[in-house]
Amino acid sequence: MKKIYLILRRRIQYYFYTINFFFNGDKIFKKIKKIRSKKNKSEDKLEQLYKKEIKNPLAVFEYASYKISQSDTTGFKILKDFEILRKEWLEKNQLDKKFGTFIPAQQFIGSLGNYYPLYYYILNHFYLEKNKTKPTVLLKENVKITNPEISKFFLPYLNVVENNSKFYKYNYLYEVNKVPLESVLPYKNKYFPWAAAMNFINQDLAKESILENANFKISKAEVKRGKEKLAKLGIGDKDWFVVLHIREGKNHIFRNSNPDTYIMAIKEVISRGGYVVRVGDNSMTRLPKIKGLIDYPFTNLKSDFMDVFLASNCKFCIGTSSGYEGLPPLFGKPILFVNFLNTFEYFCYKDTDIFMPKTLIYKKNNELVPLKELFNFETGNLVTENSYKSKGIQIKDNTPEEILVATQEMFSLVNKKDQSHSFADYNLKFKKLLNNLYKNYFDYSLKPLANLPSSFLKKYNF
C-alpha cells in the first residue's frame, strides 16, 4: 500500500510541476526543454537562441555544450567565462541562493566515468581553494544512482537532496546555477576543458604534496570482504592482479577495440606471476579460458562493490576510452591506456600512467597523421566518428604487439626499474613536442605528465 501511495504522490507532484511550468515557467527554459526533447537538435535554433540571449546562462550552456558534442572546440571558448556570466545572472534576477552551487545530477545517474570530473572538482574546490561550502546535488527520490558503492566516497563533500517536491520546485534554479561539469571544469574562476583543468590541478597538488592524501581509500573491513571474494576466484591473499577493461559499447563504436588483440598482454601479466581480472558486464565478448585470467563479468561475484574493490586494489589497470577507467585513479592506481580516443584527454593523467591512442591515418595518401596534429587541440577533441571522417582520417586499432610492449613498459614504470633508454628518450622528445605545441595556449601552462609507449612513438619521425 505504501508503495502505491509513493507512486501516486510522485505522479501528482510531476503533473503539478508540469502544469505550473506550462503557465509560469521561464520562457527561455521552455524553449531549451523543447529543443532537448528532440532526438536531433537543431544547431540553427540553438545558435539563434544563443545570439538573442547571450547573457542567459541556460542559452549559453546549451549552445556551447552542443558545439563541444559535435567536436567544435569553439564551445570551450564560449564557456571559459561562464562563472562570471552565471553570477551576474543570479544577481540580476535575484534568484534564491539557498542551495548555493549545484552539481549536475548526471554525475551520479549517468555514465560511470562521470565520477572522474566530479573527483577533480572536489580536489580543486576543497583541497586547493580550501572552500568549505558543500555544493548541492538535487535528485528525485526514486532515481537510480550509478554504482552506489563509489558514490558514497563523494557524499562527505556534497549536500545531497533527494526530494521530488524540491527537485521540481528548484528545477530552474538548478539549471541556471549548476557547475557545467558535463563539458568543462573550473580552475581559478574560469572554465577549461576537463583535461586542461585536471592537468593544472595535478600540477598544483604535486607542488603542495597533497595528492596522495586526497586519494579515496576503502576501509580495512571492505578490503577483507573483497579479498574473501577474490579467494573464491582463486586469487590468494598475497597474490596481485591487473584489472583489464576493453570497451565494446553500442555507441561511439570508434572507441571500441577487439578483445583478441589483448591476449598477448594478458599472457605477459600472467607470466610475471600475476592474475588478470577482466571487468565490465556480461554483454561483452567472452575471453578464451587462460589459466590466471578471470572473466569476472561472467562470475556470480559481479557487483558494484567488487567493481570498486578491484579498481582500488589492482597493481594497475589496462583500460580503454570507457567509464571504468575513471575508477582506479580515484584510489591512486596507475593506468595503462590503449586504443584511446580522444587524444587531448592525455592531459588528464599523471607520470605514473602510460597513454597510447589509436593510430590515425590520412585516407588520401595512407600516411600517419603526424604526432603534432594527432595531439593538437582540434584533432585531440574529435568526439564523434563523423568528425574523423569529415577530416579524411581513418582510425586504426593498436596491434597486439604494441599492446604487449606497452604492458611490459608499464611494469617497468610501476616497479620503478629497468626502464629502457628508448622509452625515456622517446618520451623526452614527445613531451618537448607537446610543450612547444601548447606554449601559451591557455591562461596557464599545460605540463605533459603521462608517458607514451616506445612501440607507438617509434612509428613517428619527430
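Trainee: Even after reading the chapter, I still don't get the overall build of the chain, so can you show me in this structure?
Mentor: Helix and strand counts for the chain come out as 22 helices and 13 strands. Relative to the globule expectation of 23 Å for 462 residues, the C-alpha radius of gyration of the chain, 23 Å, shows essentially globular dimensions. When its C-alpha atoms are laid out on the principal axes, the chain stretches across 65 × 55 × 40 Å. Relative to its full complement of 462 residues, the chain shows a buried share of 54%. Summarising the internal contacts of the chain: among those between residues at least 6 apart in sequence, 68% fall at separations of at least 24.

Trainee: So what exactly am I meant to see when it comes to the packing of aromatic side chains here?
Mentor: Aromatic rings in a pair are described by how distant their centres are and how their planes are angled relative to each other. Enumeration according to the criterion identifies 52 aromatic pairs in this entry. Seen from their ring centres, Phe 153 and Phe 331 are 5.4 Å apart, and the 90 degrees between their planes marks the pair as edge-to-face. On the criterion of sequence distance, the pair formed by Phe 153 in the loop between helix H9 (148-151) and strand S3 (159-162) and Phe 331 in the loop between strand S9 (317-319) and strand S10 (335-340) is long-range, its members being 178 residues apart. Each of the two residues, Phe 153 as well as Phe 331, counts as buried. A ring pair is formed by Phe 344 and Tyr 438, whose centres lie 5.7 Å apart and whose planes are at 50 degrees; its orientation type is tilted. Note that Phe 344 is positioned in the loop between S10 and strand S11 (354-357) and Tyr 438 in the loop between helix H21 (421-437) and helix H22 (454-457), a separation of 94 residues in sequence. Considered together, Phe 344 and Tyr 438 belong to a single accessibility category, that of buried residues. One cation-aromatic arrangement involves Arg 225 over Phe 305; the distance from NZ or CZ to the ring centre is 3.8 Å. It is Lys 364 that lies over the ring of Tyr 362; its NZ or CZ is 5.6 Å from the centre.

Trainee: Help me understand the packing of helix H2 (residues 27-36) against helix H4 (residues 57-69) in this model?
Mentor: Helix packing for two helices is described by the angle between their axes and how far apart those axes are. It is at 9 Å that the axes of H2 and H4 come closest, and there the two elements cross at 20 degrees. One element, H2, and the other, H4, form an angle in the roughly parallel class. Considering how the two elements wind past one another, H2 and H4 form a crossing that is left-handed. Across from Ile 28, Phe 29, Ile 32 and Arg 36 in H2, the residues of H4 making contact are Leu 58, Ala 59 and Glu 62. Classifying every residue of the contact of H2 with H4 by side-chain character gives five nonpolar, no polar and two charged.

Trainee: Which parts of the structure should I look at to understand H2?
Mentor: Because an α-helix completes one turn every 3.6 residues, residues spaced three or four positions apart along the sequence face the same direction. Here H2 has its buried residues at Ile 28, Phe 29, Ile 32 and Ile 35. What you see down the axis of H2 is that its buried residues fit within an arc of 120 degrees, all on one side. H2 presents Lys 27 and Lys 34 as exposed residues on the side facing more than 90 degrees away from its buried surface.

Trainee: Sorry if this is basic, but what is going on with helix H20 (residues 400-415) here?
Mentor: An ideal rise of 1.5 Å per residue puts 22 Å on 16 residues; H20 measures up with 23 Å between its terminal C-alpha atoms. Residues of H20 that are buried: Glu 402, Ile 403, Leu 404, Ala 406, Thr 407, Glu 409, Met 410, Phe 411, Ser 412 and Leu 413. Looking at the buried positions of H20, the neighbouring elements they touch are helix H15 (263-271), S9, S10, S11, H21 and H22. Just downstream of H20, Lys 416 is the residue with a positive phi angle, here 55 degrees.

Trainee: Help me understand the sheet that holds strand S2 (residues 136-139) in this model?
Mentor: Within a sheet, each strand pairs with its neighbour through backbone hydrogen bonds, oriented either parallel or antiparallel. The sheet built from three strands is open, its strands ordered S1-S2-S3 with parallel pairing. Two strands lie at the open edges of the sheet, namely strand S1 (102-103) and S3, each paired on one side alone. Note: S2 against S3, four bridges, orientation parallel. Considered in S3, the bridge of Thr 136 is made with Asn 159.

Trainee: Is there a simple way to think about the side chain of Ser 257 in this case?
Mentor: If you trace the backbone, Ser 257 turns up in the loop between strand S6 (241-244) and H15. Ser 257 has contacts with Ile 246, Arg 247, Glu 248, Tyr 262, Thr 320, Asn 339 and Asp 397, leaving out every residue within four places of it along the chain.

Trainee: Explain the pattern of salt bridges to me, please; I cannot follow it from the model alone.
Mentor: A pair can form between side chains of opposite charge whenever their charged atoms are brought close. The full count for this structure, using the stated rule, is 21 salt bridges. Close ionic contact of Glu 149 with Lys 152 constitutes a salt bridge, the shortest N to O distance being 3.2 Å. Taking the relative accessible area as the measure of exposure, Glu 149 reaches 22% and is therefore partly exposed. The exposure class assigned to Lys 152 is partly exposed, which follows from its relative accessible area of 35%. Across the pair Asp 295 and Arg 278 runs a salt bridge, and its minimum N-O distance is 2.8 Å.

Trainee: It is not clear to me how the state of the cysteines should be interpreted in this structure. Could you clarify?
Mentor: Here a disulfide denotes one covalent bond, and it connects the sulfur atoms of two cysteines. A complete count under the given rule lists zero disulfides for this structure. Left without a disulfide partner, Cys 348 is nearest to the cysteine sulfur of Cys 317, which lies 15 Å away.

Trainee: Sorry, what's going on with a nonpolar patch on the surface here?
Mentor: Nonpolar side chains collect at one region of the surface, where Ile 4, Leu 8 and Ile 12 lie side by side and expose about 300 Å² of accessible area between them. In this fold, Ile 12 is placed in helix H1 (residues 2-24).

Trainee: Could you clarify how one ought to interpret the sheet that holds S11 in this entry?
Mentor: Ordered in space as S8-S7-S6-S9-S10-S11, the six strands form an open sheet in which the pairing is parallel. The open sheet has two edge strands, strand S8 (293-295) and S11, and neither has a second partner. Strand-to-strand twist across the sheet, computed as the mean angle between neighbouring axes with direction ignored, equals 15 degrees. As paired strands, S10 and S11 are joined by three bridges and run parallel to one another. Bridging from a neighbouring strand, Phe 337 pairs with Phe 355 of S11.

Trainee: What's the story with the side chain of Arg 86 in this structure? I'm lost.
Mentor: The topology assignment puts Arg 86 in helix H6 (residues 82-92). Excluding residues within four positions of it along the chain, Arg 86 makes contact with Pro 57, Thr 101, Val 176, Asn 177, Lys 178 and Tyr 191.

Criteria and thresholds
Residues numbered from 1 in each chain as written. Predicted model: local features only at pLDDT ≥ 70, side-chain atom pairs only at ≥ 80, totals over all residues. Heavy atoms only, no water. Helix = DSSP H or I, 4+ residues; strand = E, 2+ residues; numbered from the N terminus. Rg over C-alpha atoms; globule rule 2.2 N^0.38 Å. Buried < 20%, exposed > 50% of the residue type's maximum accessible area, 1.4 Å probe, protein only. Contact = heavy atoms within 4.5 Å. Phe/Tyr/Trp six-rings, centres within 6.5 Å; stacked < 30°, edge-to-face > 60°. Lys NZ or Arg CZ within 6 Å of the ring centre and 35° of its normal. Axes fitted to C-alpha atoms, helices over the stretch in contact; angles between N-to-C directions. Parallel < 35°, antiparallel > 145°, perpendicular 65-115°, else oblique. Left-handed = near helix turned anticlockwise from the far one by under 90°. Nonpolar A, V, L, I, M, F, W, Y, C, P; charged D, E, K, R; others polar. Arc of directions from axis to C-beta. Expected span 1.5 Å × (residues − 1). Pairing = 2+ DSSP bridges. Salt bridge = Lys/Arg side-chain N within 4 Å of Asp/Glu carboxyl O. Disulfide = S-S within 2.5 Å. Patch = residues over 30% accessible without salt bridge, like charges linked within 9 Å, V, L, I, M, F, W, Y side chains within 5 Å. Areas by Shrake-Rupley, 256 points an atom, 1.4 Å probe, with all protein chains shown as cover.

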